[in-house]
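Below, each chain spelled out in residue letters.
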Amino acid sequence: MSEIRFDGRVAIITGAGGGLGKTYALMLAKRGAKVVVNDLGGKPDGTGASTSMADTTVKEIQEAGGEAVANYDSVSTSEGGKKITQCALDHFGRVDIVINNAGVLRDKTFAKLTPEELEIVLDVHLKGAFFVTQPAFAAMKENGYGRIVLTASAAGIFGNFGQTNYGAAKMGLVGLANVLALEGAKNNIKCNVIAPIAKTRMTEQLLGPLADAVMPEHVTPLVTYLVSEGCTLSRECFSVGGGRFARIFVGLTPGWFAGKGKVASAEDVRDHIDQIRNPEGYIIPDSIVQDMQALGAALKG
Ligand SMILES: NC(=O)c1ccc[n+]([C@@H]2O[C@H](COP(=O)([O-])OP(=O)(O)OC[C@H]3O[C@@H](n4cnc5c(N)ncnc54)[C@H](O)[C@@H]3O)[C@@H](O)[C@H]2O)c1
């Protein structure tokens, strides 16, 4: 089989000064991509800033013979997002790939969560993906080509104690990807989501005994594949870590139909709740249309 290459391609990778993002930057550059290495260079809680993290990744890429430029803008403002895409256009003339990876943590139980702890997490993860991807998407549309990856988390998709802010932001990214994949389809722009598990500065205290088995490099191959030209998947989501790769999906059960024109009572719902919840025969809708079609079919009888 042929090697996956990125010659002539330009990639924006946010939060690429360390952890997972750095491995993507090194891998794509090694395979021929020109890389915008974005990183604000702050602490895991989002405080502080420095140029050293992005610079270190760029230096490593250049020493290995690759091409990269550092960018220190925050993803969390519209202005920052525009500057990141502009950096790619100014230095390399195009944008083919965006890997939204920048992230911060402010874990707190819901009852104690402050507005500030909610805002910074939504700003970096959810709004940040909008701010970075929107200008890049415009450039991709012009070229009729694009590959986008969004970084969600099992903490949102499946739930994790103490992470309502983070979980909501991460699940929001799944919604963003679902719609972006549909809007990008006619311009050959694919958008997929990963939910990684890896030992980084963000997680080393949280992973317990798993930590030493889950290196960031275990996640890199999936992301590399998802942003490659040969990958025609879109609107998909994957769990990835420690050498295991698995699909995550949202399914729709056949459910229970009350009958044409009938308004069910709360007792009817109670009495059919097992059938409503029964996953047997589920489908994986590829847009809202299939959900509507399933309803339409029930109404037709
Ligand atoms: N490591 C895991 O197990 C895991 C699990 C689920 C999701 N994630 C997600 O993966 C992504 C990468 O995380 P990581 O584990 O490599 O942690 P990390 O802390 O090493 O990487 C995050 C990077 O984002 C940068 N960053 C933070 N705020 C920024 C901003 N406003 N603008 C630009 N850059 C900013 C940081 O400086 C840092 O380099 C994050 O989105 C994280 O939520 C990680």
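Residues numbered from 1 in each chain as written. Predicted model: local features only at pLDDT ≥ 70, side-chain atom pairs only at ≥ 80, totals over all residues. Heavy atoms only, no water.

Draft legend 1. Structural view of the site of the ligand. As a matter of local geometry, the ligand sits amid 30 residues, with Leu 20, Asp 39, Asn 101, Tyr 166 and Thr 200 nearest to it. Here a nitrogen atom of the ligand sits 3.1 Å away from a polar atom, N or O, in the main chain of Val 75. Compared with its free state, where it exposes 810 Å², the ligand has 97% of that area covered by protein. Those elements giving two or more residues to the shell around the ligand turn out to be α1 (19-30), α4 (115-143) and α6 (164-184). Among the residues making up the shell around the ligand, the classes are represented as 13 nonpolar, 13 polar and four charged. (Near = heavy atom within 4 Å. Polar contact = N/O pair within 3.5 Å; in protein donor to acceptor, adjacent residues only side chain to side chain. Areas by Shrake-Rupley, 256 points an atom, 1.4 Å probe, with all protein chains shown as cover. Helix = DSSP H or I, 4+ residues; strand = E, 2+ residues; numbered from the N terminus. Nonpolar A, V, L, I, M, F, W, Y, C, P; charged D, E, K, R; others polar.)

Draft legend 2. Expanded view of the side chain of Asn 101. Its place among the elements puts Asn 101 in the loop between β4 (97-100) and α4. Its relative accessible area of 11% is what places Asn 101 among the buried residues. At 3.0 Å, the side chain of Asn 101 and the backbone oxygen of Gly 15 are in polar contact. In contact with Asn 101, not counting residues within four places along its chain, are Thr 14, Gly 15, Leu 20, Gly 21, Tyr 24 and Thr 151. (Buried < 20%, exposed > 50% of the residue type's maximum accessible area, 1.4 Å probe, protein only. Contact = heavy atoms within 4.5 Å.)

Draft legend 3. Molecular detail of the domain arrangement of the protein. As assigned here, the protein comprises domain 1 (10-248) and domain 2 (251-301). If you average the C-alpha positions of domain 1 and of domain 2, the two centres end up 36 Å apart. (Domains from an automatic or database assignment.)

Draft legend 4. Structural context of the environment of Val 10. Of note, Val 10 is situated in strand β1 (residues 10-13). For Val 10, a relative accessible area of 1% gives the class buried. Between the alpha carbons of Val 10 and Glu 67 there is a distance of 9.8 Å; along the sequence they are 57 residues apart. Each residue touching Val 10, except ones within four places of it in the same chain, is listed here: Lys 34, Ala 88, Phe 92, Arg 94, Val 95, Asp 96 and Ile 97.

Draft legend 5. View of the pairing of strand β5 (residues 146-151). Of all six residues making up β5, six are buried, and the element is well covered by its neighbours. Residues Gly 146, Ile 148 and Leu 150 of β5 are buried on one face, and the alternating residues Arg 147, Val 149 and Thr 151, pointing to the opposite face, are buried as well. Relative to β5, β4 runs parallel, the two sharing four bridges. Note that in β5 the partner of Asn 100 across the bridge is Leu 150. Sheet analysis places β5 next to strand β6 (residues 189-196), joined by six bridges and oriented parallel. (Pairing = 2+ DSSP bridges.)

Draft legend 6. Seen up close, the sheet that holds β4. Ordered in space as β3-β2-β1-β4-β5-β6-β7-β8, the eight strands form an open sheet in which the pairing is mixed. What marks the edges here is a single partner per strand, and that holds for β3 (67-71) and β8 (244-248). If you compare each strand with its neighbour and ignore which way they point, the axes differ by 20° on average. In this structure, β6 lies alongside strand β7 (residues 237-241), joined through four bridges in parallel fashion. Considered in β7, the bridge of Pro 196 is made with Val 240. Along the sheet, α1 contacts β1, β2 (34-38), β4 and β6; its crossing angle with β1, the most-contacted strand, is approximately 170°. (Axes fitted to C-alpha atoms, helices over the stretch in contact; angles between N-to-C directions.)

Draft legend 7. Looking closely at helix α2 (residues 52-63). Over its 12 residues, α2 extends 16 Å from the first C-alpha to the last, a length consistent with the 16 Å expected when each residue adds 1.5 Å. When we look at burial in α2, the residues that qualify are Met 53, Ala 54, Thr 57, Val 58 and Ile 61. The arc enclosing the buried residues of α2, seen along the axis, measures out at 130°, which places them on a common side. Turned more than 90 degrees away from the buried face of α2, the exposed residues are Lys 59 and Glu 63. Of the surrounding elements, those touching the buried residues of α2 are α1, β2 and β3. Gly 65, located one to two residues past α2, shows a positive phi value of around 95°. (Expected span 1.5 Å × (residues − 1). Arc of directions from axis to C-beta.)

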